[in-house]
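# Residue-level structure breakdown
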Amino acid sequence: QGIQRARAGRARTSPPSLTKVVLVKRLSEEASRPGALGEKLKKRRKEGPTPKAFPQVEMGGAGAVAGGDSGKTSDPVVQAALHKEDGNGKLKVGNFAEAERQYTLAIQLDPSVEAYLTNRALVRTKLNNTAGAVADCNAALLLNPTSARAFGRLGAAHFSGGNFAEAAEAYRKALELDKGNATYAQGLEAARPRASAAAAGGKHGAAGSTGNASDTADAVKEVLAKMGGAAEVMRKHQEQAAAKRANESINDAAPDLGVGMERSKLAWDLFEDGKADYAVAFQAPGSEKEKDAAVNAAHERTALKCLELARTNGGIYNKAAQFVASLQGGAGDRGVPKQYVKALAVLTDQAPFRPFAQMEQVLVEDLGKKGSELFSSIDTQPIAAASLAQVHKARTKEGEDVAVKMLYPGLRKNTASDFSVFETMGKQIKPGGFDLEWLVRDFKEALAMELDLQTEAANAEEAQRKLARRTDVSIPRVLHHLSSKSVLTMRLETDLIKMSDTEKLHAAHLSRSECGELVSDVFYEMALVHGLVHGDPHAGNVYLRVGECTKSGCKPQLVMLDHGLYHTIPPAMRKDLCRLIIAQLSPFASHARRLRLAARFAGPLARYFPLMLSPWFVFSASLTSEDMAAARKQELPKSIAPQDIAECLVAMHGEQEKGGGGNMLGVLHSMGYTRGLLTSLDFSERARLKSLVRHAQIGLWAPAHQERALNGGSLPLMATLQLFLVGFYVDLTALLIPFLSLIGPLIFFYSLYMSFLASLWRFGGLNILAWDWADAEKEDASDDKTE
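Keep in mind the model is a prediction, meaning the values are calculated, not measured.

## Digging into the overall build of the protein
Per the secondary structure count, the protein includes 34 helices and twelve strands. When burial is assessed residue by residue, the protein has 50% of its 787 residues classed as buried. The long-range share in the protein, meaning contacts at least 24 apart out of those at least 6 apart in sequence, stands at 68%. Accessible surface for the protein amounts to roughly 37,400 Å². Of this, 57% is attributable to carbon and sulfur atoms.

## A look at the environment of Lys 690
Within the secondary structure, Lys 690 sits in helix H30 (residues 685-698). Since its relative accessible area comes to 33%, Lys 690 is described here as partly exposed. Spatially, the C-alpha atoms of Lys 690 and Phe 728 are 8.9 Å apart, while their sequence positions differ by 38 residues. In contact with Lys 690, not counting residues within four places along its chain, are Gly 727, Val 730 and Asp 731.

## Here we look at unusual backbone geometry
Note: most residues except glycine have negative phi, and most peptide bonds are trans. The phi angle at Asp 495 is positive, at roughly 55°, despite the residue not being glycine. Along the chain, Asp 495 falls in the loop between strand S8 (487-491) and helix H22 (502-507). Note on Asp 495: relative accessible area 63%, which makes it exposed. Although it is not a glycine, Asp 682 adopts a positive phi angle of roughly 55°. Tracing the backbone shows Asp 682 in the loop between helix H29 (664-680) and H30. Relative accessible area serves as the criterion here: at 59%, Asp 682 is assigned to the exposed category.

## Section: the state of the cysteines
Scanning all chains against the criterion turns up one disulfide. Two residues, Cys 549 and Cys 554, share a disulfide whose sulfurs are 1.9 Å apart. Because the sign of the S-S torsion sets the handedness, a value of about 110° for the bond joining Cys 549 and Cys 554 places this disulfide among the right-handed ones. What makes Cys 549 partly exposed here is its relative accessible area of 45%.

## Thoughts on the packing of helix H6 (residues 114-126) against helix H7 (residues 130-143)
Between two packed helices, what matters for the description is the angle formed by their axes and the separation of those axes. With their axes 8 Å apart at the nearest point, H6 and H7 run at an angle of 165° to one another. Relative to H7, H6 is oriented roughly antiparallel. Here H6 and H7 pass one another in a crossing that is left-handed. Side by side, H6 and H7 meet where Glu 114, Leu 117, Thr 118, Arg 120, Ala 121, Arg 124 and Thr 125 of the first sit next to Gly 132, Ala 133, Asp 136, Cys 137, Ala 139, Ala 140 and Leu 143 of the second. Of the residues assigned to the contact of H6 with H7, the class counts are seven nonpolar, three polar and four charged.

## Here's the deal with the nonpolar core
The biggest cluster of nonpolar side chains holds 69 residues, and the ones touching the most others in it are Leu 558, Met 560, Ile 581, Phe 609, Leu 613 and Met 664. Looking at which element gives the most residues to this core, the answer is helix H23 (residues 512-528), with nine residues. Residues within four places of Phe 609 in sequence aside, it is in contact with Leu 580, Ala 598, Phe 601, Ala 602, Met 652, Met 664 and Leu 668. Counting residues in hydrophobic clusters, the runner-up holds 41 residues, among them Ile 250, Leu 363, Val 402 and Leu 407.

## Comments concerning the confidence of the model for the protein
Of all residues in the protein, 74% have pLDDT values of 70 or greater, and the mean over the chain is 79. Segment residues 9-27: pLDDT under 50, and 32 contacts once partners within four positions in sequence are set aside and those in other chains are kept. Between residues 30-38, whose pLDDT stays under 50, and residues either more than four places distant or in other chains, the model counts ten contacts.

## Digging into the pairing of strand S4 (residues 389-395)
When you tally the buried positions in S4, you get five out of seven residues, the bulk of the element. Note that strand S2 (residues 377-378) and S4 share two bridges and pair antiparallel. What sits directly across from Ser 377, in S4, is Arg 395. Two elements, strand S3 (residues 384-385) and S4, share two bridges in a ladder whose sense is antiparallel. In the strand pairing of S4, Ala 384 is matched with Val 391. Hairpin connection between S3 and S4: a loop of three residues separates the two successive antiparallel strands. One ladder, built from seven bridges, connects S4 with strand S5 (residues 401-407); its direction is antiparallel. Considered in S5, the bridge of Arg 395 is made with Asp 401. The antiparallel pairing of S4 with S5 creates a hairpin that spans five residues between the two strands, and Gly 399 there sits at a positive phi of about 95°.

## With respect to the environment of Thr 679
Examined against the element boundaries, Thr 679 turns out to sit in helix H29. Note on Thr 679: relative accessible area 34%, which makes it partly exposed. C-alpha separation for the pair Thr 679 and Gly 516, spaced 163 residues apart in sequence, amounts to 8.8 Å.

## Here we look at the side chain of Asn 129
With respect to the secondary-structure elements, Asn 129 resides in the loop between H6 and H7. With relative accessibility at 13%, the residue Asn 129 sits in the buried group. Of note is the side chain of Asn 129, whose polar atom sits 2.9 Å from the backbone nitrogen of Gly 132.

About the criteria used
- Residues numbered from 1 in each chain as written.
- Predicted model: local features only at pLDDT ≥ 70, side-chain atom pairs only at ≥ 80, totals over all residues.
- Heavy atoms only, no water.
- Helix = DSSP H or I, 4+ residues; strand = E, 2+ residues; numbered from the N terminus.
- Buried < 20%, exposed > 50% of the residue type's maximum accessible area, 1.4 Å probe, protein only.
- Contact = heavy atoms within 4.5 Å.
- Areas by Shrake-Rupley, 256 points an atom, 1.4 Å probe, with all protein chains shown as cover.
- Disulfide = S-S within 2.5 Å.
- Axes fitted to C-alpha atoms, helices over the stretch in contact; angles between N-to-C directions.
- Parallel < 35°, antiparallel > 145°, perpendicular 65-115°, else oblique.
- Left-handed = near helix turned anticlockwise from the far one by under 90°.
- Nonpolar A, V, L, I, M, F, W, Y, C, P; charged D, E, K, R; others polar.
- Core = buried A, V, L, I, M, F, W, Y, C linked by side-chain atoms within 4.5 Å.
- pLDDT = per-residue confidence, 0-100.
- Pairing = 2+ DSSP bridges.
- Polar contact = N/O pair within 3.5 Å; in protein donor to acceptor, adjacent residues only side chain to side chain.

Right, here's the structure in full:
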């Protein structure tokens, strides 16, 4: 009543009684909290909320705060409480939109009050804003994880949105905290049977399911927008934390939803800007040349914005940019416009770096001493800056030049904050109705490996052991006494040349074809023979330099850096991959066998999987006229359903593998990087494919024969013939490539040719040469029996 009288223009000489009660209670709550705010409020409570604490001003009008109707005062706690009272009044009379606005103003002024969030969640539930209500409840639970009211409101929000399983779980937790609450009991009783019915109906009816790419994009937009409530809650905490970031701890890995939302919102804003820019560019008037110029200009603008986003957010955003910059093989500019590759390439080894004063805190925190105490000298300017760490040159007290790699302060916290958003997305957005949360989990686990430099040291030493016989490969030696989880000290590698630096390669008298052969041989040997896959071989991690020199010239040496992310391929899966590669070229492998092998890796989309390994495998792929027509339009065939894509991803991830492992997605990711390196060296697909099938054949042999082949030793006649034949198959396929424009007739004649060749060679008793040491038909029978 006092507030209403004041709004009518009547001056008040004492604070309204209701507001006074609210503020005294609020001050008491805050005084019990630790920290500077609590101390300040204890002092204020001791002095007492006298009329002096409430300035004598007119209410409303120009005194409104942030567009609200509450009185002008310098104390945000008072302002927030008044907005909350206004919101309560609007809620009682059913004006939910205005109540939401008042609660939002209260949250902006004082984001650390649980009641403001739970009240807004209630209003948003009534407005059918389920995602916003859920975000508010989650934010309230960040402030008070044992709040029965927050769990109860969360249950109501989920129930209203049709997410009955989540509603039942939230009501159950609320009842655990407040056992006598009849409302929570009634909610649980209503939600449980509906949750059971929804589960019986299957995932396709789940809330949050999306049927196509456009629906998924809209769902992402909605979740980001509605999660804004959680970001508001953390905004002021972020402002306070910003002043402390100069002293961030590298070991702080606690997620901050507000930080994650802030970073994700920047990405979404960029997406919206880019989409609008392209929409205008694609409708540009004029000739085809003018239209192309408009689209290329949009590419240029958006690529530069992507670069700025990666530099601003760092961490996993830099890693995403590095991957895009490396996608030069396969689809080439048709898949990734060259403007993006060019703009983002700088991030492979020249990402934004931090001042040494900040980086030195990592040394102190992990190794207990400053750089000047650990080394005889250390450069303050980094020699390289990547997505997760930067590298400084130093000299040990024994006089050895080393590279000191240090993770960025705050990196683990930012990464955890990003994943707090991604995981929320994964729970709420289900493309085609399928749960793909494991993709987020897999990404999180892979990045966790890269954030542990002790894991990188172990990976580097394992790769050294596998490639110990090769003098044309160099992997930096680790100095363990100067290394930790966040610091990695290695021998300094010098005279490095980037794969794309044609002038320096020419000046060093290095043949680009020899360089390409070295790159392909090393990475395919690791994957197909040893089952060890370098997960991040982009241009900032793989270099060349002059190796051994003789009278006939100098040979290249491959220098492999950054071993943070590795994948291992189980032996059985590795051999099946080798068999599949050979089967795509061999005239002796049946169509059924090719499909059976590919199905292990790609499930229902098995017929397309070989094309991910090489476009030349089109001749043995089981493509239909519908597939070819869709490919010309750069679309998916209509016969492919979202369920097929989901099952393909699960198969590639190895989710069906017993005991885990077998991540084909990681292998394809690495092979994509490798193809990008080879493209920068103008290494032909014919030469790459020869290296691929040669190592696939070696990967099927016994260890003794593998060692002979890799060391250049003598092989049995049958093994020598096998290596000749797989290379011969590549040469035969190469003859057909120039005539791909006549794909229909060629496939027909190629099929006749292969049938004739197979009959001829079988008649001659040479069938054993087309496969490994076991007879192909016996192997097929064995596979059928196993299945």
